[in-house]
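# Fold and contact review
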Amino acid sequence: MERPAAEPGAQPRANGCSGAAHGALRNGYVRGLPAPDTQIHHIVHNGGLYKKPFNEAFEETPMLVAVLTYVGYGVLTLFGYLRDFLRQWKIEKCQNATEREEQKDFVPLYQDFENFYTRNLYMRIRDSWNRPICSVPGAKVDMMERVSHDYNWTFMYTGRVIKDIINMGSYNYLGFAQNTGACQEAAAKVLSQYGAGVCSTRQEMGNLDKHEELEKLIARFLGVESAMAYGMGFATNSMNIPALVGKGCLILSDELNHASLVLGARLSGATIRIFKHNNMQSLEKLLKDAIVHGQPRTRRPWKKILILVEGIYSMEGSIVRLPEVIALKKKYKSYLYLDEAHSIGALGPSGRGVVEYFGLNPEDVDVMMGTFTKSFGAAGGYIGGKKELIDYLRTYSHSAVYAASLSPPVVEQIITSMKCIMGEDGSTFGKECVQQLAENTRYFRRRLKEMGFIIYGNEDSPVVPLMLYMPAKIGAFGREMLKRNIGVVVVGFPATPIIESRARFCLSAAHTKEILDTALKEISEVGDLLQLKYSRHRLVPLLDRPFDETTYEETED
Amino acid sequence: MAAAVGVGQQWVLVEMVQAFYEAPAYHLILEGILILWIIRLLFSKTYKLQERSDLTPKEKEELIEEWQPEPLVPPVSKDHPALNYNIVSGPPTHKITVNDKECINFASFNFLGLLDNEKVKNAAQASLKKYGVGTCGPRGFYGTFDVHLELEERLAKFMRTEEAIIYSYGFATIASAIPAYSKRGDIVFVDEAACFAIQKGLQASRSNIKLFKHNDMVDLERLLKEQESEDQKNPRKARVTRRFIVVEGLYMNTGDVCPLPELIKLKYKYKVRIFLEESLSFGVLGEHGRGITEHFGINIDDIDLISANMENSLASIGGFCCGRSFVIDHQRLSGQGYCFSASLPPLLAAAAIEALNIMEDNPDIFQTLQGKCKRIHRALQGISGLKLVGESFSPALHLQLEESCGSRENDVKLLKRVVDY
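This is a predicted model, so every value here is computed, not measured. (Residues numbered from 1 in each chain as written. Chains lettered and ligands numbered in written order. Predicted model: local features only at pLDDT ≥ 70, side-chain atom pairs only at ≥ 80, totals over all residues. Heavy atoms only, no water.)

## Looking at the interface of chain B and chain A
- Between chain B and chain A, the residue contacts involve 105 residues of the former and 116 residues of the latter.
- Each partner contributes to the roughly 9900 Å² buried at the junction of chain B and chain A, and carbon and sulfur atoms together form 65% of this total.
- Of all residues in chain B, B:W67, B:Y85 and B:Y142 give up the largest surface area on contact with chain A, accounting jointly for 10% of the area buried on that side.
- Inspection of the region where chain B meets chain A yields one salt bridge.
- Between A:D105 and B:K271 there is a salt bridge; the shortest N-O distance is 3.3 Å.
- Summed over the shared surface of chain B and chain A, the result is 26 residue pairs in polar contact (both at pLDDT 80 or more).
- Its residues assigned to classes, the side of chain B that touches chain A comprises 54 nonpolar, 27 polar and 24 charged.
- As paired strands, strand β2 (residues 132-133) of chain A and strand β4 (residues 144-145) of chain B are joined by two bridges and run parallel to one another. Its bridge partner being in β4(B), A:I133 is matched across the sheet by B:F145. (Contact = heavy atoms within 4.5 Å. Buried area = accessible area lost by both parts, 1.4 Å probe. Salt bridge = Lys/Arg side-chain N within 4 Å of Asp/Glu carboxyl O. Polar contact = N/O pair within 3.5 Å; in protein donor to acceptor, adjacent residues only side chain to side chain. Nonpolar A, V, L, I, M, F, W, Y, C, P; charged D, E, K, R; others polar. Pairing = 2+ DSSP bridges. Helix = DSSP H or I, 4+ residues; strand = E, 2+ residues; numbered from the N terminus.)

## Notes on the pairing of strand β11 (residues 335-339) of chain A
All names here are of chain A.
- Of all five residues in β11, five are buried; the element is thus mostly enclosed.
- The sheet contact formed by strand β8 (residues 305-310) and β11 spans five bridges and is parallel. Bridge pairing links E310 to D339 in β11.
- The sheet contact formed by β11 and strand β12 (residues 367-371) spans three bridges and is parallel. Following the sheet pairing, L338 is matched in β12 by M368. (Buried < 20%, exposed > 50% of the residue type's maximum accessible area, 1.4 Å probe, protein only.)

## Here's the deal with the UniProt feature "domain: Aminotransferase class I/classII large" (unreviewed entry) in chain A
- The positions UniProt marks with the feature "domain: Aminotransferase class I/classII large" (unreviewed entry) are residues 163-523 of chain A.
- Counted over residues 163-523 of chain A, helix gives 43% and strand 17%. Its end C-alpha atoms are 19 Å apart. (UniProt positions renumbered as here; feature names shortened; annotations may be inferred.)

## Some points on the UniProt feature "transmembrane region" (unreviewed entry) in chain B
Residue and element names in this part refer to chain B.
- In this numbering, the UniProt entry assigns the feature "transmembrane region" (unreviewed entry) to residues 25-43 and 164-182.
- A distance of 27 Å separates the end C-alpha atoms of residues 25-43, which is 100% helix and 0% strand.
- Between the C-alpha atoms that bound residues 164-182 there is a distance of 19 Å. The span itself is 63% helix and 21% strand.

## Comments concerning unusual backbone geometry
Residues and elements named next belong to chain B.
- A positive phi angle, close to 60°, is found at Y142, a residue other than glycine.
- Tracing the chain through its elements places Y142 in the loop between α4 (118-131) and β4.
- The buried category is assigned to Y142, whose relative accessible area is 3%.
- For R206, which is not glycine, the phi torsion reads 60° and is therefore positive.
- Along the chain, the position of R206 falls in the loop between α7 (196-205) and β7 (208-212).
- By relative accessible area, which is 33% here, R206 ends up partly exposed.

## Looking at the environment of A:N167
- Its location among the elements puts A:N167 in strand β4 (residues 156-167).
- Overall, the relative accessible area of 4% leaves A:N167 in the buried class.

## Side note on empty space enclosed by the protein
- One pass over the full model with this rule turns up 11 cavities of 30 Å³ or more.
- There is about 90 Å³ of room inside the largest cavity.
- Listed by contribution, the elements that provide at least two residues to the lining of the largest cavity are α5 (233-244) and α6 (259-268) of chain A together with α6 (170-181) and α7 of chain B.
- Per-class residue counts for the lining of the largest cavity are nine nonpolar, three polar and one charged. (1 Å grid on protein atoms, 1.4 Å probe; cavity = no way out; pocket = protein on both sides within 12 Å on 5 of 7 lines; lining within 4 Å. Points joined across faces, edges and corners; volume = space filled by probe spheres on them.)

## Overview of the pairing of strand β7 (residues 271-275) of chain A
Residue and element names in this part refer to chain A.
- With four of its five residues buried, β7 lies for the most part within the structure.
- Two elements, strand β6 (residues 250-254) and β7, share five bridges in a ladder whose sense is parallel. Counterpart to D254 in the pairing with β7 is F275.
- Between the parallel pair β6 and β7, the chain is carried across by α6, and the sense of this crossover is right-handed. (Right-handed = clockwise from strand over helix to strand, strands pointing away.)

## Examining helix α15 (residues 346-361) of chain B
- With 16 residues, α15(B) should cover 22 Å at 1.5 Å per step; its first-to-last C-alpha distance of 22 Å lies within 8% of that length.
- Summarising burial for α15(B): 13 of the 16 residues are buried, a large majority. (Expected span 1.5 Å × (residues − 1).)

## A look at the side chain of B:S279
All names here are of chain B.
- One can find S279 in the loop between β9 (273-277) and α11 (292-296).
- Of the polar contacts made by the side chain of S279, one reaches the side chain of E277; its length is 2.9 Å.
- Here the side chain of S279 touches N309 through a polar contact of 3.5 Å, landing on its backbone nitrogen.
- Those residues within four positions of S279 in sequence are excluded, and the remaining contacts are S307, A308, N309 and N312.

## Things to note about the packing of helix α5 (residues 146-159) of chain B against α15(B)
All names here are of chain B.
- One way to put it is that α5 packs onto α15 with a least axis distance of 9 Å and a crossing angle of 30°. Considered as vectors, α5 and α15 are oriented roughly parallel to each other. Judged by the sense of rotation from one axis to the other, the crossing of α5 with α15 is left-handed. Contact residues: V147, H148, E150, L151, R154, L155 and F158 in α5; P346, A349, A352, I353, L356, N357, M359 and E360 in α15.
- For the contact of α5 with α15, the class distribution of residues is 10 nonpolar, two polar and three charged. (Axes fitted to C-alpha atoms, helices over the stretch in contact; angles between N-to-C directions. Parallel < 35°, antiparallel > 145°, perpendicular 65-115°, else oblique. Left-handed = near helix turned anticlockwise from the far one by under 90°.)

## A few points about the sheet that holds β8(A)
Residues and elements named next belong to chain A.
- A sheet is described by the order of its strands in space; here seven strands give the open sequence β5-β13-β12-β11-β8-β6-β7, paired in mixed fashion. Pairing within the sheet leaves two strands with one partner each, and these edge strands are β5 (226-230) and β7. This sheet shows a mean twist of 20° between the axes of neighbouring strands, independent of strand direction.
- Of the strands in this sheet, β5, β12 and β13 (381-385) are in contact with helix α10 (residues 387-396), which crosses β5 at around 30°.

## Side note on the sheet that holds strand β15 (residues 463-467) of chain A
Residue and element names in this part refer to chain A.
- The sheet built from three strands is open, its strands ordered β15-β18-β17 with antiparallel pairing. Each end of this open sheet is capped by a strand with a single partner; those strands are β15 and β17 (489-491). Strand after strand, the sheet turns through a mean of 30° between neighbouring axes, direction not considered.

## Things to note about the state of the cysteines
All names here are of chain A.
- With the rule as written, the count across this model stands at zero disulfides over all chains.
- There is no disulfide at C183, and the cysteine sulfur nearest it, in C420, is 6.0 Å away.
- Owing to a relative accessible area of 7%, C183 belongs among the buried residues under this scheme.
- Looking at C420, the relative accessible area reads 6%, which means it is buried. (Disulfide = S-S within 2.5 Å.)

## Regarding the pattern of salt bridges
Residues and elements named next belong to chain A.
- One pass over the full model with this rule turns up 44 salt bridges over all chains.
- For the salt bridge of K210 with E412, the shortest nitrogen-to-oxygen distance reads 2.9 Å. Of the two residues, K210 sits in helix α4 (residues 209-222) while E412 sits in helix α12 (residues 408-422), which places them 202 residues apart along the sequence. With respect to burial, K210 and E412 carry one shared label: buried.
- Between K533 and D528 there is a salt bridge, with its nearest N and O atoms 3.3 Å apart.
- Bridged by salt links that share partners, the residues E480, K483, R484, E522 and E525 form one connected network.

## What to know about α10(A)
Residues and elements named next belong to chain A.
- Burial within α10 is extensive, with seven of its 10 residues counted as buried.
- Those residues of α10 not exposed but buried are L389, I390, D391, Y392, L393, R394 and T395.
- Where α10 is buried, its residues touch α4, β5, α5, β12, β13 and α11 (398-402).

## Considerations on the nonpolar core
- Counting residues in each nonpolar core, the largest one holds 249 residues, and the members touching the most others are A:M168, A:F444, A:L448, A:F477 and A:F505.
- Top element by residues in this core is α15(B). It accounts for 10 residues.
- Apart from residues lying up to four places away in sequence, A:F477 is in contact with A:L468, A:V488, A:V490, A:A503, A:F505, A:V526, A:L530 and A:L532.
- Membership of the second largest hydrophobic core comes to 27 residues, among which are A:C249, A:I251, A:I383 and B:L72. (Core = buried A, V, L, I, M, F, W, Y, C linked by side-chain atoms within 4.5 Å.)

Right, dumping it as structure tokens:
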């Protein structure tokens, strides 16, 4: 199938939304043309599996920056050793909590070296994390002020509240974190009727009629036969993957999968092999080798192969190449487990997730998992799929037998917000939110790239990682942005590779254009102050890089 | 000048040649072999991992065509007992409507009856009006609310420990706490009747698990002695292997308590740390509901970590761990269920705080509960064919068949008939 080149006069489609007339969206957005020097990568091979351009880019780290980052970490490590030495010889006061006197001759609970990073590097910039807030986590949030007089070892709350901080850190993609409105009223009603807790597991007395209603709604929303809801997203993954695969099965998991998927895979007892992040050639090679060679040493054929991927990877901002994964899955007869924690509600013209974003059939994905924390403003997780799968999970899932079910007001919040997104409550509020998020994403990413920052990930993902690299800039960025009343999330090692620390912005439909403009202005200012504008507009086109044999890797757990 | 330099150079050369002649033969041969090897490596082509088989591409295609995986899930028979859940309409309080039949509720863990308490509901409503429902983030990224901090402080004060940490799901509490401390190579002594969450935590930690018979201190001491003699064989390894005992205050699987005073004695004798799981005993045992440490009158600092879930007595959702700061603070960075999961919705935290308030203000509800438990225990003793398992003051009891019918399926069917009636 021939792919047409992008005509200069074509309107770029944000997130697959066909959109109303020009400028009919909220907040006076005007659709612009892509900047002339951006490269739009058309997937020429693969027979046109992609219906629209898939723009994903990870600019290479500039050499000077990488060297300086290593130097920075080296200096910090040296100072760390020096401080440890001083602490050991009691020259410096040790502010760590210590073991009880009676238990001093027990085997030490922590190895000293394990906590080296925590003691000497993390402690210095600890004030960028665990910031306490005291209002609803919407577009603007109130934060409790805290100060530290001993370099972040202890915090004291001054009692003052910093009001109206622009919130670019909460996972509030569709803006449903509200304390007024239809969702909150419905939840309040259910709370007064049912109470806050459930006090029982799902298989015993914990299955309320609300849960049944919720599950039918989820199945309708996703377009699958049947669904099941659980009390915690993390527990959904870690309790259900062991129910699906066991010894003698193979799990192929992406390099950058979330901790819950990794834990679930480990608890299952299956063999785990890792393929390079979003790299379909690596996945295909692993699949081929697995089927041809069978289990290691015994050469017996594998019982099942399960591919674990996520919809949007929250640290990279990349979207999974779902059409290719599904094509591979069908060719090699394996099963696909898709974790849509960040992509449900955030992608797709009507918010149904990454499957709708690519225009694929939800029945092709064997297990669709997701969470309600991000786009629905509630808590918990779900799994959707064929009826046999859900029936099996109802009987054998550890979570259903041993863990509590969802709390009733939370269930009501999910039901109301899901109906709103689907448009079943009679308004177009949900659809507008989805479109607003898509516009915000495009606008924000484009502006940041124009300013010269290095931004990772896909054009359409509402998770925007901005590269910082150097350890000192992690703390500085967080603090400077807070001074300017913007709350951002910074991440470093070990959540990311050691030199690739970043600031991560999570866009929301609740952000108006004014809020985004203010934020962008401040980000630009801080970027100039800290010299963060590393980009040389030299995007490495992901697909033009030839696959070379050395990218194949095998790790067995 | 140049001649002198030339002579100097020549002099060094002569020395070299002399050294060459004087060197032992094996030395020269070894050096020669090494040089040849280096030359060979330099000029050979870099090899990838050698192909492990000699299959032709066509054979590979055939193998791929032929392979048939198992179905993703095995089929479940239609009349599997767990397939159709009982539907509860309305709140699961003392009177509960199951499958449209009104019953008295002996199945929920609502020990203190706080599930439909008006004050608790009002506190949750107030929190809902202020914060909405969800927290939209993990604790590290703007998911820490002042209610969480308040709840942690209150729990620490109530249990009289230094610090407490909250998880958003009861199951995840102990399942994340154990792997945070116990890693591969460490040793954990755990009771046979430990609950499922503990088992999953142990599996995730990859430590060596040693099971001892339920509540049998003699068996535990035997295992500890064995471990001690092993340690003496390898003292260097023993110095870095951590040891833990994991027990529950009130066992869910059997309904009896663990002999905590003996455990404390064993702890100091063999230098093992104790992790206590108090899901059923928190808010039930003890004069003020502080759990099994108050019941036995033990200093709370003797226990390294107490973990409980708030889904039983506190009628909320979630769990907490409390203990000394030295122990608890570590989980803030290495507890998987804490760092990588969204925090507890504020309305549930507010409900838990209010429930704690009620517990602190009315310490006589614990006496009431224990009185009722004893009454039921006495009343159920005399039923023929059924055996009552559990302590007299335990609110969770097991009714077991006195004699088995022969097969597990028939037993289950018979018990189900008792339940359904």
